[in-house]
Amino acid sequence: MVIRQFYIQPGIFMIMDIELREKIAGEITLSDSPAETIRKWREEFKISQHELSNFLHQSPSVISDYETGRRKFPSIASVRKIVDALITIDERRGGYIIKKYKSGVPSEALIDIKDYDRDVPLERAIKAINGTNVSHVSIDRDIRGYTIVDGVKAILAFSYYEYSRLYGWSSERAIFFTDVKFGRSPMIAIRVHPLKPAAVVYIQPDNVDELAIKLADIENIPLLVTDMSPETVAHVMGQLR
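A few points on the structure. Not measured: the values here are computed from a predicted model.

Rules used throughout
- Residues numbered from 1 in each chain as written.
- Predicted model: local features only at pLDDT ≥ 70, side-chain atom pairs only at ≥ 80, totals over all residues.
- Heavy atoms only, no water.
- Helix = DSSP H or I, 4+ residues; strand = E, 2+ residues; numbered from the N terminus.
- Buried < 20%, exposed > 50% of the residue type's maximum accessible area, 1.4 Å probe, protein only.
- Contact = heavy atoms within 4.5 Å.
- Areas by Shrake-Rupley, 256 points an atom, 1.4 Å probe, with all protein chains shown as cover.
- Salt bridge = Lys/Arg side-chain N within 4 Å of Asp/Glu carboxyl O.
- Axes fitted to C-alpha atoms, helices over the stretch in contact; angles between N-to-C directions.
- Left-handed = near helix turned anticlockwise from the far one by under 90°.
- Nonpolar A, V, L, I, M, F, W, Y, C, P; charged D, E, K, R; others polar.
- Phe/Tyr/Trp six-rings, centres within 6.5 Å; stacked < 30°, edge-to-face > 60°.
- Parallel < 35°, antiparallel > 145°, perpendicular 65-115°, else oblique.
- Patch = residues over 30% accessible without salt bridge, like charges linked within 9 Å, V, L, I, M, F, W, Y side chains within 5 Å.
- Polar contact = N/O pair within 3.5 Å; in protein donor to acceptor, adjacent residues only side chain to side chain.

### Things to note about the overall build of the protein chain
So, step 1. Looking only at helices and strands, the protein chain has 13 helices and six strands in total.
So, step 2. Scored against the burial criterion, the 241 residues of the protein chain give a buried share of 48%.
So, step 3. Across the protein chain, contacts joining residues at least 24 apart in sequence account for 72% of those joining residues at least 6 apart.
So, step 4. As displayed, the protein chain offers around 12,200 Å² of accessible surface, 53% of which is attributable to carbon and sulfur atoms.

Written as structure tokens, this is what we have:
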């Protein structure tokens, strides 16, 4: 495949980076509407036309012309530069979008995921996110990573296999849920799955009812809440060592 030839550079890119680059480049070049596909991926990476054009040392009008179809379809070399720019800009921001696609979890539901290279006391994580333990379970345990997901999308979109991928390399992790109304659905999902996290955290929940707390107690999983935004939680948790 021509696209793969552009990305086989041993020692520079990891295989998953190669696959993601190929996925994006292939989708653009094979699309019936490459202009719309370029825009779709730029917006997926949350990169403005101005930021992308600065990185590529081009006028913002060039990116705009590509995305509106006013400029003829870019060469494969140009597509490669655009894809490399998207990946590199995201890497400099912490690689949050890249991690979504590497995890194998549906990207529309996954907000952030990370594994630590050592044990991190759960108590330290709770302090970092200004969290509160609403369960009756001890927080005297360690975590080896965290996962942040959109609660509603995760429950609706995840298959049994994809749910398992929430745990990354270890189930000893904190799983954060956003968009929580009452807190029942996430705890029910965790209750029926054989893999159990070290802790469950609701981000800015509307409410946490007694059933959610009871399920947490039964499973011996601390149930925590935080008022921080998902973006702030991702930043704070990403800095823990």
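Continuing now.
### Considerations on the pattern of salt bridges
Side-chain pairs of opposite charge can arise where the charged atoms are in close proximity.
So, step 1. On inspection of all chains with the given rule, the structure shows 15 salt bridges.
So, step 2. For Asp84, the salt bridge is made with Arg21, and the minimal N-O distance between the two is 2.6 Å. One end of the pair, Asp84, is in helix 6 (residues 76-93); the other, Arg21, is in helix 2 (residues 15-30), and 63 residues separate them in sequence.
So, step 3. The partner of Asp117 in a salt bridge is Arg118, and the shortest N-O contact between them spans 3.1 Å.
So, step 4. Under the relative-accessibility criterion, Asp117 is labelled exposed at 60%.
So, step 5. It is possible to trace a salt-bridge network through shared partners that takes in Arg21, Arg80 and Asp84.

### Let's talk about the packing of helix 4 (residues 49-56) against helix 5 (residues 60-68)
So, step 1. With their axes 8 Å apart at the nearest point, helix 4 and helix 5 run at an angle of 115° to one another. Note on packing geometry: the crossing formed by helix 4 with helix 5 is right-handed. Where helix 4 approaches helix 5, its residues Gln49, His50, Leu52, Ser53 and Leu56 are matched on the opposing element by Pro60, Ile63, Ser64 and Glu67.
So, step 2. Taken together, the residues that form the contact of helix 4 with helix 5 break down as four nonpolar, four polar and one charged.

### Focus: the environment of Asn130
So, step 1. Mapped onto the secondary structure, Asn130 falls in the loop between helix 8 (122-128) and strand 2 (132-133).
So, step 2. Along the chain, Asn130 and Leu224 lie 94 residues apart, while their C-alpha atoms are 10.0 Å from each other.
So, step 3. With sequence-adjacent residues up to four places away left out, Asn130 is seen in contact with Val225, Thr226 and Met228.

### Focus on the packing of aromatic side chains
So, step 1. Summed over the entire model, instances satisfying the criterion amount to four aromatic pairs.
So, step 2. Ring centres of Tyr146 and Phe176 lie 6.5 Å apart, and the angle between their planes is 90°; on these two criteria the pair is classed as edge-to-face. Highlighted residues: Tyr146 in strand 3 (residues 142-150) and Phe176 in strand 4 (residues 174-178), separated in sequence by 30 residues.
So, step 3. Look at Tyr146 and you get buried, because its relative accessible area is 0%.
So, step 4. A residue is classified by how much of its surface remains accessible, and Phe176, at 1% relative accessible area, is buried.
So, step 5. Between Phe177 and Tyr202 the ring centres are 6.4 Å apart and the planes differ by 75°, which places this aromatic pair in the edge-to-face class. Here the residue Phe177 occupies a position in strand 4, and Tyr202 occupies one in strand 5 (residues 199-203), the gap between them amounting to 25 residues. Across the pair, exposure class does not vary: Phe177 and Tyr202 are buried alike.
So, step 6. Taken together, the ring pairs connect Tyr116, Tyr146 and Phe176 into an aromatic cluster.

### Thoughts on the packing of helix 11 (residues 184-192) against helix 12 (residues 210-219)
So, step 1. Orientation of helix 11 relative to helix 12, taken along the N-to-C sense of each, is 25°, at an axis distance of 8 Å. With respect to helix 12, the axis of helix 11 lies roughly parallel. You can see that helix 11 and helix 12 cross each other, and the crossing is left-handed. Only Leu211, Ala212, Leu215, Ala216, Ile218 and Glu219 of helix 12 make contact with helix 11, whose side of the interface consists of Arg184, Met187, Ile188 and Arg191.
So, step 2. Here the residues of the contact of helix 11 with helix 12 are counted per class, giving seven nonpolar, no polar and three charged.

### Observations regarding a nonpolar patch on the surface
So, step 1. A cluster of nonpolar side chains, namely Ile188, Val192 and Leu211, defines an oily patch on the protein surface of about 260 Å² accessible area.
So, step 2. Structurally, Ile188 is set in helix 11.
So, step 3. Judged by its relative accessible area of 41%, Ile188 falls in the partly exposed class.

### Observations regarding the side chain of Asp84
So, step 1. Judged by relative accessible area, which is 17%, Asp84 ranks as buried.
So, step 2. Separated by 2.6 Å, the side chains of Asp84 and Arg21 make a polar contact.

### Structural notes on the side chain of Thr37
So, step 1. With respect to the helices, strands and loops of the structure, Thr37 is situated in helix 3 (residues 34-44).
So, step 2. When residues no more than four places from it in sequence are discounted, the contact partners of Thr37 are Glu27, Ile28 and Ser31.

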